[in-house]
There are 2 protein chains.
Amino acid sequence: MKTEKIPSEQVITTTPFPASRKIYAEGQLHPIRVAMREIALGDTKLHGRFGETEPNVPVTVYDTSGPYTDPDVEIDVRKGLPRLRESWILERGDVDRLDLISSDYGRRRLADTGLDDLRFAYRSAPLRARAGMNVSQLHYAKKGIITPEMEYIAIRENQRIDLLKEQLNGQYEALGRQHAGQNFGANTPKGFITAEFVRQEVAAGRAVIPSNINHPESEPMIIGRNFLVKINANIGNSAVTSSIEEEVEKAVWACRWGADTIMDLSTGKNIHETREWIIRNSPVPIGTVPIYQALEKVNGKAEDLTWELFRDTLIEQAEQGVDYFTIHAGVLLRYIPLTAKRMTGIVSRGGSIMAKWCLAHHRENFLYTHFEEICEIMKAYDVAFSLGDGLRPGSIADANDAAQFAELETLGELTKIAWKHDVQTIIEGPGHVPMHLIKENMDKQLKHCAEAPFYTLGPLTTDIAPGYDHITSAIGAAMIGWFGTAMLCYVTPKEHLGLPNKKDVKDGVITYKIAAHAADLAKGHPGAQYRDNALSKARFEFRWEDQFNLALDPDTAREFHDETLPADGAKVAHFCSMCGPNFCSMKITQDVRDYAKENGLDGQEALERGMEAKSKEFAEKGSELYL
Amino acid sequence: MKTEKIPSEQVITTTPFPASRKIYAEGQLHPIRVAMREIALGDTKLHGRFGETEPNVPVTVYDTSGPYTDPDVEIDVRKGLPRLRESWILERGDVDRLDLISSDYGRRRLADTGLDDLRFAYRSAPLRARAGMNVSQLHYAKKGIITPEMEYIAIRENQRIDLLKEQLNGQYEALGRQHAGQNFGANTPKGFITAEFVRQEVAAGRAVIPSNINHPESEPMIIGRNFLVKINANIGNSAVTSSIEEEVEKAVWACRWGADTIMDLSTGKNIHETREWIIRNSPVPIGTVPIYQALEKVNGKAEDLTWELFRDTLIEQAEQGVDYFTIHAGVLLRYIPLTAKRMTGIVSRGGSIMAKWCLAHHRENFLYTHFEEICEIMKAYDVAFSLGDGLRPGSIADANDAAQFAELETLGELTKIAWKHDVQTIIEGPGHVPMHLIKENMDKQLKHCAEAPFYTLGPLTTDIAPGYDHITSAIGAAMIGWFGTAMLCYVTPKEHLGLPNKKDVKDGVITYKIAAHAADLAKGHPGAQYRDNALSKARFEFRWEDQFNLALDPDTAREFHDETLPADGAKVAHFCSMCGPNFCSMKITQDVRDYAKENGLDGQEALERGMEAKSKEFAEKGSELYL
């Protein structure tokens, strides 16, 4: 790494969002406080009634930014985030605090005094399930237990939509409107998500709650077809680039803009220490691909990998608090020849590592042969499987081929084995797929993997736009999210070209929030349309500030607007730079609506009578839209 | 306008694309030369055979950039582009060269000496159909005539895919592969597009060739469901912004990146002169919304608009060479009340102007009542209708509502009237639509408008991302393009916020080229996948330069790559910055493939034997991927 020093919080972004405040909704079953963001709105000027205004109900939005955007929380990355879940975990009485970390590698790093000034100092000893115990949320759910995590999620997913509707109390009916949606046979909740519904979905394996008992800092979130579509952001140094400091800020930055989980794909020489810093400061679940670190330990020689070494790496990372592991256990020796005639062969890093190991030894993938032993480790810490698609297509030409679907079937078998151990499991998907072949991926995944959550990379819908693959993939991501994919792994503009910088990470996250939200709307997820409605109302009423503040990226919206109309006056003007006062198209309906309202008219016929009088009124008032 | 002076070509972008040359394919039926871009590729290094290489066949791509990227053509915006189509038009013997332009307004501008130094000087007198003649491509097509325009289009749409396959002659089978596609009952050509197929589609009204006889500078292109999906870029000054010079460069810039048509939405005080400069220098068809200029002529008072004034504006613009007019003839008085309860009312500028006129006079839309007279003008110059959707939804909440579909049915009636006059017609569509309601728009349009080409704005699939609406809309655009929309009107990042600058125009165009191409792939349009395959092959073989050169935006691809790996050496390295040499996932398949090839192995069983030997070979060679 370039520089290696203890991070200072100055580089960490903690500014709250404009017009927003952190609010905490109380639990009913458990003494929990669920963090959300409330956006205050300006008043609506009542047309034709000078000075009269009408207040607008504030909007609550799903908030992944964690304590960083709460001015009341003191942020100190050297200490890490408050351990929100620690008491919940300990009170279940099924874990032990270890005297010493279990992995050999972890112990060696700890013993290396040369790493002291690089090490996270405030770490408490790791937890592990008591002998014979299973601490996975899936295990609790099957036993009928509604954990604090489950209630937290239920409250969080609802975004106080019930309260909002209550506050509206019919005052502006259109705000509450939502299209029915098409969910392709999903079990979409009716109107409101209950903690019991969360439990049922987890128990059925249709949803997972990544929640390693050694990552108590994370705010509970759920990945499942019947909940809001989530997005993952990959960070990581790889090659010789960023410092630990930058790594932590990268994670904080990604969460700020909406990342629901973070995958740490670092491959530098101090990834063990870097990971510790990230986990201790991450409000969202962290995923990794343990085979990357294992390969580092054998100096990049795939053929030197062993089960023992990999096993030690799993334990090392599980005790640090990694919430889910990508495991490429579906890359079977017999599938590798199926990739020989592909346009782009094997493009998954983990997939190619395992393929190389299989070729070098001409033996079956050890992740497959040792799968049940892996399950034993997973359930001792509640690490979830993300079964990797090592044979995913790397080009449009290779989409939906024999190698890809052969592996998917194997991932289905492994899912059932994981479930036998009550280990939470999600399935990774492609990749590069033209639009008309996307649905087949979703359908086959639902079939082979018994509705275990699908987690896809894009898919990219064309190969001809390097530099814009956040867009080529957002098209496929929105569609597959609609079809039932539970989490979308973002793609940045640098895909295929280089490593994302902060701007690329933000572009990738915002683009994927768009895809995920478009999917929620299309599925008809309860309450999903409320923010669209509130922003559209603000747009129609020329409440520019509210438009910016309700946007996924208020800063960019404001900046773009100000490029053309910088004056503050413009932000209250009843027109914008595209049209100008004569052209403004938003006002005409207001005239129609006002008339109908003022005269208590309603319905078609009445409105038509309104038209007539309106035409006279128009002439009398000098036929000006702007009075 | 800020500055008003004769443009100098210095500001006009004329640089050819990297590794690209302009080529011209000869016609068979007519003495025509069809412009295309050929991208030269580097050689493939044959793995394990030091120094041995294999050449790669150059790739031909559809080229909208016009003569600006041909170093052999001298560009002088004062003179305008070569008049490619002039002889074709004159040889048909059905037009007269007028002594004087026909519109009163046009004459007044011409007489105003104060405009002399602002005026395009090299303009020849306009053409008009001889009395009783109809000069529309639809008219010729119905008479069984294959015009030079039609043959040009057939050759252009094929992009020499036949030649490419011939040159390949089985050498690299995967390059020629293409997924079957799903076209929802379209009449997709089998393998190759003939001039006769073009004629048939135009005759059926399923495709239009915007080709005003007064715009001979334009290179023929076609808009139709059974051809490549096209994109439109809007330019225009509006408010007090750009100079004529900037306007021309904006158009050249948009065409450079892939705009198939340009809509000039200027609203400044010299739009007549600005438009002339744009048309004389535009290699693509130009569209306008004449009601905007008509409104300028009555100082923005919609109620003062008259049929006579509008008629004069149509003739003024038709004689300048505008290729298609957006006409909001479907905004009927009785539909206006249907918008009263909308979230965002009427958002179409033209729609709101006509709504205001209807309200002010309480009379039916004069564009509707005078529709047949408009047809008479259109066919005298071959201006195509773009029937405007003045009541399109401006928010997710208003998608697919009664007002929108009522207008669509009226546009269907008007289409049949236009066809009765052999006037070419396309239909404009929304707007803001959640994904699950997009297909209904396409289905209803095909039904009501008898397969007249659909031309949509986006649609945007969510309202919550101002500043990123090129992306929210690219998702909807790709989908509706797949479903059968013939042309996609781009949306820039500035949508809803301000006026696009050059960067925004480029971002919008590239984003929409992605959507259009993703749609071509999904429809299974012949040859569409070739460029994806060629780029993927380059990616797999680490031919970085070829990857950049085959990209929609080579400059950005190269720039992004160089941010992480600037060294020229890196561009030939067999790995990239994401993985590094140990991790590189592209090479493993090469090893598998090479072995099979070297030993003449093929098929599953043989490849498996290959695996075994391979594993030994691996060990012998020190198990290194990089020899």
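Note that the structure is predicted; figures quoted are calculated from it, not measured.

The secondary structure content of chain A amounts to 23 helices and 17 strands. Counting only contacts in chain A whose residues sit at least 6 apart along the sequence, the fraction spanning at least 24 positions is 76%. With an accessible surface of roughly 20,100 Å², chain A has 52% of that area assigned to carbon and sulfur atoms.

This part takes up the sheet that holds strand β12 (residues 286-288) of chain B. Residue and element names in this part refer to chain B. Ordered by their spatial adjacency, 8 strands build a closed barrel running β10-β11-β12-β13-β14-β15-β16-β17, and the pairing between neighbours is parallel. Neighbour to neighbour, the strand axes of the sheet diverge by 25° on average, direction disregarded. Of the pairings in the sheet, the one linking strand β16 (residues 454-457) to strand β17 (residues 487-489) comprises 3 bridges and is parallel in character. Bridging from a neighbouring strand, Thr 456 pairs with Leu 488 of β17. The sheet strands contacting helix α15 (residues 402-420) are β14 (384-387) and β15 (425-429), and the helix crosses β15 at an angle near 170°.

UniProt records the feature "binding site: Zn(2+)" (unreviewed entry) at His432(A) and His496(A), using the numbering of this structure. Despite a sequence span of 65 residues, these residues sit close together in the fold, their greatest C-alpha distance being 12.2 Å. Examined against the element boundaries, His432(A) turns out to sit in the loop between β15 (425-429) and α16 (438-448). With a relative accessible area of 6%, His432(A) lands in the buried category. Leaving out residues up to four positions away in the same chain, His432(A) has contacts with Pro393(A), Gly394(A), Ser395(A), Ile396(A), Ala399(A), Leu460(A), Asp463(A), His496(A) and Arg539(B). Side-chain polar atoms of His496(A) contact the side chain of His432(A), separated by 3.4 Å.

To continue, consider the environment of Gly93(B). All names here are of chain B. With respect to the secondary-structure elements, Gly 93 resides in the loop between α1 (86-91) and β6 (95-97). Judged by its relative accessible area of 31%, Gly 93 is partly exposed. A C-alpha to C-alpha distance of 28 Å links Gly 93 and Glu 157, two positions 64 residues apart in sequence.

Listed per partner, the contact involves 130 residues of chain B and 130 residues of chain A. Roughly 10,800 Å² is buried in total at the junction of chain B and chain A, and carbon and sulfur atoms are behind 67% of that figure. Residue Lys494(A) is joined to Glu563(B) by a salt bridge in which the shortest nitrogen-to-oxygen separation is 2.6 Å. Remark: the boundary between chain B and chain A carries 20 residue pairs in polar contact (both at pLDDT 80 or more).

For an α-helix, 3.6 residues make a turn, and residues three or four places apart therefore share a direction. Between the first and last C-alpha of helix α15 (residues 402-420) of chain A there are 28 Å, a value that for 19 residues agrees with the 27 Å anticipated at 1.5 Å per step. Residue Asp422(A) follows α15(A) closely and has a positive phi angle near 55°.

Moving on, we get to the relation of the copies chain B and chain A. With an axial shift of 0.0 Å and an RMSD of 0.0 Å, the rotation relating chain B to chain A amounts to 180°. Overall, the copies show the geometry of a two-fold rotation axis. Taking C-alpha positions as reference, the residue of chain B nearest the rotation axis is Ile475(B), located at 2.3 Å. Same-surface contact between copies: 100% of interface residues of chain B are shared with the interface of chain A.

Glancing now at the confidence of the model for chain A. Residue and element names in this part refer to chain A. Summary statistics for chain A give a mean pLDDT of 89 and a share of 87% for residues scoring 70 or more. Taken together, the stretch residues 1-9 has pLDDT below 50 and engages in 33 contacts with residues farther than four places along the chain or on a different chain. Contacts for the low-pLDDT stretch residues 572-584, under 50 throughout, to residues beyond four places or in other chains number 47 contacts. On the interface metric, ipTM, the complex scores 0.92, and its pTM is 0.93.

Residues and elements named next belong to chain A. An order of β10-β11-β12-β13-β14-β15-β16-β17 is seen for the 8 strands of this closed barrel, with the pairing classed as parallel. The sheet shows a mean angle of 25° between the axes of neighbouring strands, taken without regard to direction. Bridge count for strand β11 (residues 261-264) against strand β12 (residues 286-288) is 2 bridges, and the pairing is parallel. From the neighbouring strand, Met 263 faces β12, where its bridge partner is Gly 287. Where α15 meets the sheet, it contacts β14 (384-387) and β15, and its direction lies at approximately 170° from that of β15.

Right, let's talk about the pairing of β15(B) for a bit. Across a regular strand the side chains alternate sides, sitting on one face of the sheet and then on the other. Residues and elements named next belong to chain B. Counting buried residues in β15 gives 5 out of 5 residues, a clear majority hidden from the surface. Bridge count for β14 against β15 is 3 bridges, and the pairing is parallel. Looking at β15, one finds that Phe 385 is bridged to Thr 425. This β-α-β element, β14 to α15 to β15, shows right-handed connectivity. Where β15 lies against β16, 3 bridges are found, and the strand directions are parallel. Bridging across to β16, Glu 428 finds its partner in Tyr 455.

Under the defined criterion, the tally for this structure stands at 78 salt bridges over all chains. The partner of Glu201(A) in a salt bridge is Arg206(A), and the shortest N-O contact between them spans 2.8 Å. Residue Arg206(A) is classed as buried on the basis of its relative accessible area of 18%. Salt-bridge contacts for Asp422(B) lead to Lys142(B); the nearest nitrogen and oxygen are separated by 2.6 Å. Within this pair, whereas Asp422(B) is found in the loop between α15 and β15, its partner Lys142(B) is found in helix α3 (residues 137-142), the two being separated by 280 residues in sequence. Look at Lys142(B) and you get partly exposed, because its relative accessible area is 45%. When salt bridges with common partners are traced through the structure, they connect Arg123(A), Glu217(A), Glu276(A) and Arg280(A) into a single cluster.

Moving on to the packing of helix α18 (residues 502-523) of chain A against helix α17 (residues 469-483) of chain B. One can describe the packing of α18(A) onto α17(B) by two numbers: an axis separation of 10 Å at closest approach and a directional angle of 45°. By the angle between their axes, α18(A) is oblique relative to α17(B). With respect to the hand of their crossing, α18(A) and α17(B) are arranged in right-handed fashion. Along the contact surface, α18(A) presents Thr511(A), Ile514(A) and Ala515(A), while α17(B) presents Ile471(B), Thr472(B) and Ile475(B).

Let us now look at the packing of helix α11 (residues 307-320) of chain B against helix α14 (residues 371-381) of chain B. All names here are of chain B. Between α11 and α14, whose axes approach to 10 Å, the crossing angle comes to 10°. Accordingly, the angle class assigned to the pair α11 and α14 is roughly parallel. Across the interface between the two elements, Trp 307, Phe 310, Arg 311, Leu 314, Ile 315, Ala 318 and Glu 319 from α11 touch Glu 373, Ile 374, Ile 377 and Tyr 381 from α14. A per-class count over the contact of α11 with α14 returns 8 nonpolar, no polar and 3 charged.

This part takes up the environment of Ala528(A). All names here are of chain A. Of note, Ala 528 is situated in the loop between α18 and α19 (530-540). Classification of Ala 528 by relative accessible area gives buried; the value is 7%. Each residue touching Ala 528, except ones within four places of it in the same chain, is listed here: Gln 178, His 517, Asp 520 and Leu 521.

As a further point, take the side chain of Thr492(A). All names here are of chain A. When you line up the elements, Thr 492 lands in the loop between β17 (487-489) and α18. Owing to a relative accessible area of 5%, Thr 492 belongs among the buried residues under this scheme. Excluding residues that lie within four positions of it along the chain, Thr 492 makes contacts with Asp 469, His 470, Pro 500, Asp 504 and Gly 508.

This next bit is on the pairing of β15(A). Alternating positions in β15(A) separate into two faces, Thr425(A), Ile427(A) and Gly429(A) on one and Ile426(A) and Glu428(A) on the other, with burial throughout. Once the chain exits β15(A) it traverses α16(A) before rejoining the sheet at strand β16 (residues 454-457) of chain A, and the crossover so formed is right-handed.

All names here are of chain B. Where burial is concerned, most of helix α10 (residues 290-297) is hidden: 6 out of the 8 residues are buried. By the burial criterion, the buried members of α10 are Pro 290, Ile 291, Tyr 292, Gln 293, Ala 294 and Leu 295. Residue Asn 299 follows α10 closely and has a positive phi angle near 55°.

Analysis parameters
- Residues numbered from 1 in each chain as written.
- Chains lettered and ligands numbered in written order.
- Predicted model: local features only at pLDDT ≥ 70, side-chain atom pairs only at ≥ 80, totals over all residues.
- Heavy atoms only, no water.
- Helix = DSSP H or I, 4+ residues; strand = E, 2+ residues; numbered from the N terminus.
- Contact = heavy atoms within 4.5 Å.
- Areas by Shrake-Rupley, 256 points an atom, 1.4 Å probe, with all protein chains shown as cover.
- Pairing = 2+ DSSP bridges.
- Axes fitted to C-alpha atoms, helices over the stretch in contact; angles between N-to-C directions.
- UniProt positions renumbered as here; feature names shortened; annotations may be inferred.
- Buried < 20%, exposed > 50% of the residue type's maximum accessible area, 1.4 Å probe, protein only.
- Polar contact = N/O pair within 3.5 Å; in protein donor to acceptor, adjacent residues only side chain to side chain.
- Buried area = accessible area lost by both parts, 1.4 Å probe.
- Salt bridge = Lys/Arg side-chain N within 4 Å of Asp/Glu carboxyl O.
- Expected span 1.5 Å × (residues − 1).
- Least-squares fit on C-alpha atoms with pLDDT ≥ 70 in both.
- pLDDT = per-residue confidence, 0-100.
- Right-handed = clockwise from strand over helix to strand, strands pointing away.
- Parallel < 35°, antiparallel > 145°, perpendicular 65-115°, else oblique.
- Left-handed = near helix turned anticlockwise from the far one by under 90°.
- Nonpolar A, V, L, I, M, F, W, Y, C, P; charged D, E, K, R; others polar.

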